[in-house]
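Here is how the chains run, residue by residue.
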Amino acid sequence: MEKKEVTRPDWMELLETILTKPGLLGDYYSAFHNYSVGNQIIAVLQLLERGVPIGPIASFNAWKKKGRSVMKGQKAIGLWMPITVNGKGKSKDDDDEPTPPGMPRRIFVMRNNWFSLAQTQPDPRAAEQGESSGAVEEQAETEIQWDQSLALRNLSVTMEPFEKVNGNVQGYAYSSERRVAVSPIAAFPHKTLFHELAHCELHGDVVEGFVCEDDLTQAVKEVEAESVAFICCASLNLPGLDYSRGYVQHWLAHAGSRDVLKKSAGRIFSAADRILKAGFAQPEKVAAEPESANA
């Protein structure tokens, strides 16, 4: 069988498109409500108590708008919710002066209005109406030869269950421990995985090849990780490039200069190369084959 030769993409050209071609900043980063730390803790405790997997939470109507329905028999979790009421004198928890009658004031009440992703299911009616179920683009038809399980093994990275109640978080990585998680409703799962793998490859406890002769800032780390994700997706013909460019451009503005991307180019290319190679099976070497003098 004739060996198929894979042409390596022009990564510098790909990197240049991030700088020159406009991108989109995905609205999936703000599709869910951002909950306070206190409410996040309360939500996690309730989910653990009921044995429900920790995951993104939203109200009944919010899930409906995202193309999902709450399964029958599921019990809502309670969170503290701010409401405004008219003052009716001094509150027992208020050490200040009494609120004048009729003066509005803000109080917090516990409302049971929220459900975890694990308590929902895709709504067939929403699918019939063409409503989004969380993904920005359909990826099922994309054929990909890159093997995720093989890559994780070769990179010594562990994939763990996603445990964040904030649905705007697409994924996260514990770089020094080489652990990653991808949200089950991530808009572009492969892009998110490449991003988190890049953090493991580039931003662990020991980071070589620092740029700018200084510690890497959060903005530079995000630029590097998403640039790796962009290159991997472009190399494998996966969707999400417009959004990847937008993400990089957003963080480049915080990094202070677009030159950061070019200064990090070597690190970006190296990480992308390792991640891509890790997901492809290496051809077996033929035993006892004499080496060519012209090799």
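Our subject is the structure that appears above.
Residues numbered from 1 in each chain as written. Predicted model: local features only at pLDDT ≥ 70, side-chain atom pairs only at ≥ 80, totals over all residues. Heavy atoms only, no water.

J.: Could you clarify how one ought to interpret the overall build of the protein chain in this entry?
T.: Within the protein chain, the regular secondary structure consists of 10 helices and eight strands. Relative to its full complement of 295 residues, the protein chain shows a buried share of 42%. In the protein chain, the share of contacts with a sequence separation of at least 24, taken over all contacts with a separation of at least 6, comes to 73%. Entry remark: accessible area of the protein chain is about 17800 Å², with carbon and sulfur atoms responsible for 50%. (Helix = DSSP H or I, 4+ residues; strand = E, 2+ residues; numbered from the N terminus. Buried < 20%, exposed > 50% of the residue type's maximum accessible area, 1.4 Å probe, protein only. Contact = heavy atoms within 4.5 Å. Areas by Shrake-Rupley, 256 points an atom, 1.4 Å probe, with all protein chains shown as cover.)

J.: What exactly am I supposed to notice about a nonpolar patch on the surface here?
T.: Together, Val37, Ile41, Leu45 and Leu48 make up an exposed nonpolar region whose accessible area comes to about 410 Å². Its place among the elements puts leucine 45 in helix α2 (residues 37-50). (Patch = residues over 30% accessible without salt bridge, like charges linked within 9 Å, V, L, I, M, F, W, Y side chains within 5 Å. Salt bridge = Lys/Arg side-chain N within 4 Å of Asp/Glu carboxyl O.)

J.: Just to check I follow, could you spell out the environment of glycine 246 for this structure?
T.: Among the structural elements, glycine 246 can be located in helix α8 (residues 241-255). Residues glycine 246 and isoleucine 18, spaced 228 residues apart in sequence, show a C-alpha to C-alpha distance of 8.1 Å.

J.: Would you mind showing me how to read the packing of helix α7 (residues 218-235) against helix α10 (residues 265-278) here?
T.: In helix packing, the relevant descriptors are the interaxial angle and the interaxial distance, both defined with respect to the helix axes. Two elements in contact, α7 and α10, have axes whose closest approach is 9 Å; the angle formed by their N-to-C orientations is 50°. When the axis of α7 is compared with that of α10, the two are oblique. Two packed elements cross with a definite hand, and for α7 against α10 that hand is right-handed. Contacts from Glu224, Ser227, Val228, Ile231, Cys232 and Ser235 of α7 reach α10 at Arg267, Ile268, Phe269, Ala271, Ala272, Ile275 and Leu276. For the contact of α7 with α10, the per-class residue count stands at nine nonpolar, two polar and two charged. (Axes fitted to C-alpha atoms, helices over the stretch in contact; angles between N-to-C directions. Parallel < 35°, antiparallel > 145°, perpendicular 65-115°, else oblique. Left-handed = near helix turned anticlockwise from the far one by under 90°. Nonpolar A, V, L, I, M, F, W, Y, C, P; charged D, E, K, R; others polar.)

J.: Quick question: what am I supposed to make of the sheet that holds strand β6 (residues 158-159) here?
T.: Hydrogen bonds between backbone atoms are what pair the strands of a sheet, whose relative direction is either parallel or antiparallel. With respect to topology, three strands assemble into an open sheet ordered β6-β8-β7, the strand pairing being mixed. Looking along the sheet, the strands with just one partner apiece sit at the ends: β6 and β7 (171-174). Examined bridge by bridge, β7 and strand β8 (residues 179-182) share four bridges and lie antiparallel to one another. Each bridged residue has a counterpart across the sheet, and for tyrosine 174 the counterpart in β8 is arginine 179. The strands that helix α6 (residues 189-202) touches are β6, β7 and β8; relative to β8, the one it contacts most, it runs at about 160°. (Pairing = 2+ DSSP bridges.)

J.: For this particular structure, what's the right way to read the sheet that holds strand β3 (residues 77-86)?
T.: Strands sit in the order β1-β4-β3 across an open sheet of three strands; the sheet is antiparallel. Among the strands making up the open sheet, the edge pair consists of β1 (57-59) and β3. The average undirected angle you get between the axes of adjacent strands in this sheet is 45°.

J.: Help me out: how do you make sense of the packing of aromatic side chains in this one?
T.: Within a pair of aromatic rings, the relevant descriptors are the distance that separates the centres and the angle that separates the planes. Across all of its chains, the model carries 10 aromatic pairs by this definition. Between tryptophan 146 and phenylalanine 194, the aromatic rings sit 4.9 Å apart at their centres with planes inclined by 70°, giving edge-to-face as the arrangement. Taken together, the residues span a long stretch of sequence, with tryptophan 146 in the loop between α4 (124-128) and α5 (148-155) and phenylalanine 194 in helix α6 at a distance of 48 residues. Per residue, the accessibility class of tryptophan 146 equals that of phenylalanine 194, and both read buried. Here the guanidinium or amino end of lysine 66 rests over the ring plane of phenylalanine 32, the centre of that ring lying 4.4 Å away. Looking at lysine 164, its charged tip hangs above the ring of tyrosine 172, at a distance of 5.0 Å from the centre. (Phe/Tyr/Trp six-rings, centres within 6.5 Å; stacked < 30°, edge-to-face > 60°. Lys NZ or Arg CZ within 6 Å of the ring centre and 35° of its normal.)

J.: Explain unusual backbone geometry to me, please; I cannot follow it from the model alone.
T.: For residues that are not glycine, phi is negative in most cases, and the peptide bond is trans in most cases. The backbone phi angle of serine 156 is positive, close to 55°, even though this residue is not glycine. Mapping serine 156 onto the fold places it in the loop between α5 and β6. Of note in this structure, arginine 178 is not a glycine but carries a positive phi near 55°.

J.: Help me understand the pairing of β8 in this model?
T.: When a strand is regular, its side chains alternate between the sheet's two faces. Strand direction decides the pairing type here: β6 and β8, joined by two bridges, are parallel. In the sheet register, methionine 159 faces β8, and the bridge partner there is valine 180. If you look at the hairpin formed by β7 and β8, you'll find four residues sitting between the two strands, and arginine 178 has a positive phi there, around 55°.

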